[in-house]
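# Summary of structural features
Each chain is listed here by its residues.
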Amino acid sequence: MKTNIIQRDSLPIPNDAAIAHLYALAQHITQKIASAGGWLPFDRYMELALYTPGLGYYSSGTVKFGRSPDDGSDFITAPELTLLFAQAFAKPVAEIFYATGTRHVVEFGAGTGRFASGLLRTLDELGARCSSYTIVELSGELRKQQRACIEETAQQFAPCVQWIDTIPGRVDGVIIGNEVLDAMPVRLFARQNNLWYERGVAMTDTDRFAFSDRPLTAITSPAILAHVPGVHDYVTETHEAAAAFVHTVCSVLGCGVVLFIDYGFPAAEYYHPQRTEGTLMCHYRHHAHDDPFLYPGLQDITAHVQFSAIEQAARSAGAHLLGYTSQAHFLINAGITDLLMKLDPTNSACFLPEANMVQKLLSEAEMGELFKVIALCRGFDGRLGAFKSGDRSHTL
Ligand SMILES: C[S@@+](CC[C@H](N)C(=O)[O-])C[C@H]1O[C@@H](n2cnc3c(N)ncnc32)[C@H](O)[C@@H]1O
């Protein structure tokens, strides 16, 4: 099977080993399309592209997180920008520890391990030492990186860290996932001439992957589509996998709080009539583009999170909303600027880059407004200081 490599030579071209990897995954997906009768819904394609064991983008050993294409990475996340991000979470996490009497953290998809390392150290400095830190990680390669990072930068806490690959049976304490929900498969839909279609993936005559639309029936149509205003042509996503995941996570929560940090909007904003192209996006070597068929297995595929659906999924599992706000409000309320001011401003080589990164996390034009923090809880009566101003729960 061919991919679209030749059509996008404005992007960096993968090397021979990467191309072999890409072809192996493309072949695997091609077989899945054939055995499904020639068409796969987009969420299944996305799941295969990201999570096929050994070949999917997040299941293979390729470098993902970093600052520039030169290190082979594709994108950067907040914990990689500055340690102050993880440190700012220590205060709300400590509040949850005190309110619940637990000292346990579960982190989903822990990246390079920098968030875990920073949080473990800062909790200890606050006198709220973690008793156990469980990382739910699907990638063996990332587990190795996380273990190395924790052993190098938070060695005294390494004995309390363990790795698992599925959601634990019951959790009392804090569950955290930064940019995890956006990496979950989405279904795609297109409205054309005022009729809705499910957008899936089929093979072209020239043996390439291509979008292929199928009419929706009353059974296959998500209810939310009936509420998208207007009759104009429109492409969007729904988030069944993320909602099912949040439902399961909230079901195993005994007493505690779940915190998800991600880019996205409430339903009314997500399905705004002017958002006609949806939010599906791919990242390869720090280039963002919109072709999920370009480099399967080598590029990230992501969609914004629809936070109203996340809140509903939590509610259906017996949890309730504790807070929902922008990343900027959450981090400021949690004291990130105080943490920055603890650095020595006369040491400009150290202070200025950190100040720049904090600006990136907080600025409305960068991550401060697009990224949100949602807190969902069960068996927890308290409030969190990180939502004391700017809470937007009413928008969900
Ligand atoms: C964009 S990365 C974010 C990584 C890290 N949290 C960070 O901020 O740098 C998304 C991560 O979510 C993980 N992920 C997706 N679904 C998951 C699941 N069901 N359980 C655990 N991790 C999951 C992926 O494997 C990937 O490592």
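Before reading on, note that the structure itself is shown above.
The structure reproduced in this document is the subject of the present report. Treat the numbers as computed from the prediction; the structure is a model and nothing was measured.

The rules behind these values
Residues numbered from 1 in each chain as written. Predicted model: local features only at pLDDT ≥ 70, side-chain atom pairs only at ≥ 80, totals over all residues. Heavy atoms only, no water. Helix = DSSP H or I, 4+ residues; strand = E, 2+ residues; numbered from the N terminus. Rg over C-alpha atoms; globule rule 2.2 N^0.38 Å. Buried < 20%, exposed > 50% of the residue type's maximum accessible area, 1.4 Å probe, protein only. Contact = heavy atoms within 4.5 Å. Areas by Shrake-Rupley, 256 points an atom, 1.4 Å probe, with all protein chains shown as cover. Lys, Arg positive; Asp, Glu negative; His and termini not counted. Charge placed at Lys NZ, Arg CZ, Asp CG, Glu CD. Pairing = 2+ DSSP bridges. Phe/Tyr/Trp six-rings, centres within 6.5 Å; stacked < 30°, edge-to-face > 60°. Lys NZ or Arg CZ within 6 Å of the ring centre and 35° of its normal. Disulfide = S-S within 2.5 Å. Salt bridge = Lys/Arg side-chain N within 4 Å of Asp/Glu carboxyl O.

Take the overall build of the chain next. Helix and strand counts for the chain come out as 13 helices and 16 strands. Against the globule reference of 21 Å for 396 residues, the chain gives a C-alpha radius of gyration of 21 Å, in line with a compact fold. Taken along the three principal axes of its C-alpha coordinates, the chain extends 65 × 45 × 40 Å. Counting all 396 residues of the chain, 55% fall into the buried class. Across the chain, every contact between residues at least 6 apart in sequence was considered, and the portion connecting residues at least 24 apart equals 77%. Carbon and sulfur atoms make up 52% of the accessible area of the chain, which totals about 16400 Å². Across the chain, the 30 positively charged side chains and the 42 negatively charged ones have centroids separated by 4 Å.

So, about the pairing of strand β10 (residues 253-265). Counted residue by residue, β10 has twelve buried out of 13 residues, so it is predominantly covered. Relative to β10, strand β5 (residues 171-178) runs parallel, the two being bridged by eight bridges. Its bridge partner lying in β10, Val174 is registered against Val257. Alignment of β10 against strand β16 (residues 371-378), held across eight bridges, turns out to be antiparallel. By the bridge assignment, Gly256 is partnered in β16 with Arg378.

What follows deals with the packing of aromatic side chains. All told, the structure shown has 22 aromatic pairs when counted by the stated rule. Ring centres of Tyr57 and Tyr58 lie 4.9 Å apart, and the angle between their planes is 75°; this geometry places the pair in the edge-to-face category. We classify Tyr57 as buried; its relative accessible area is 0%. Given a relative accessible area of 12%, Tyr58 falls into the buried group. Ring centres of Tyr263 and Phe371 lie 5.2 Å apart, and the angle between their planes is 75°; this geometry places the pair in the edge-to-face category. Of the two residues, Tyr263 is situated in strand β10 and Phe371 in strand β16; the sequence distance between them amounts to 108 residues. Here Tyr263 and Phe371 have matching classes, each one buried. One aromatic cluster in this structure is built from Phe42, Tyr45, Phe209, Phe211 and Phe293. Here the basic side chain of Arg199 rests over the ring of Phe211, its NZ or CZ set 5.4 Å away from the ring centre. Geometry around Phe265 places Arg275 over its ring, the cationic atom sitting 4.0 Å from the centre.

Take the state of the cysteines next. Under the definition given, this model contains zero disulfides. Cys377 supplies the cysteine sulfur nearest to Cys255, a cysteine that is in no disulfide, at a spacing of 10.0 Å.

On to unusual backbone geometry, then. Positive phi, normally seen in glycine, also occurs at Asp207, with a value near 70°. Within the fold, Asp207 resides in the loop between β7 (195-203) and β8 (209-215). What makes Asp207 partly exposed here is its relative accessible area of 35%. Of note in the backbone geometry, Arg285 takes a positive phi value of approximately 50° without being a glycine.

Before going further, it helps to examine the pattern of salt bridges. Counted under the stated rule, the structure contains twelve salt bridges. Two residues, Asp124 and Arg129, come together in a salt bridge whose shortest N-O distance is 3.6 Å. For Arg129, a relative accessible area of 40% translates into the label partly exposed. Because the salt bridges share partners, they merge into one network encompassing Arg187, Glu198 and Glu240.

What follows is about the environment of Ala183. Within the secondary structure, Ala183 is located in the loop between β5 and β6 (187-192). A relative accessible area of 5% places Ala183 in the buried class. Here the alpha-carbon distance between Ala183 and Tyr58, two residues 125 residues apart in the chain, equals 9.2 Å. Sequence-distant contacts of Ala183, defined by excluding residues within four places in its chain, comprise Met46, Leu50, Tyr51 and Tyr58.

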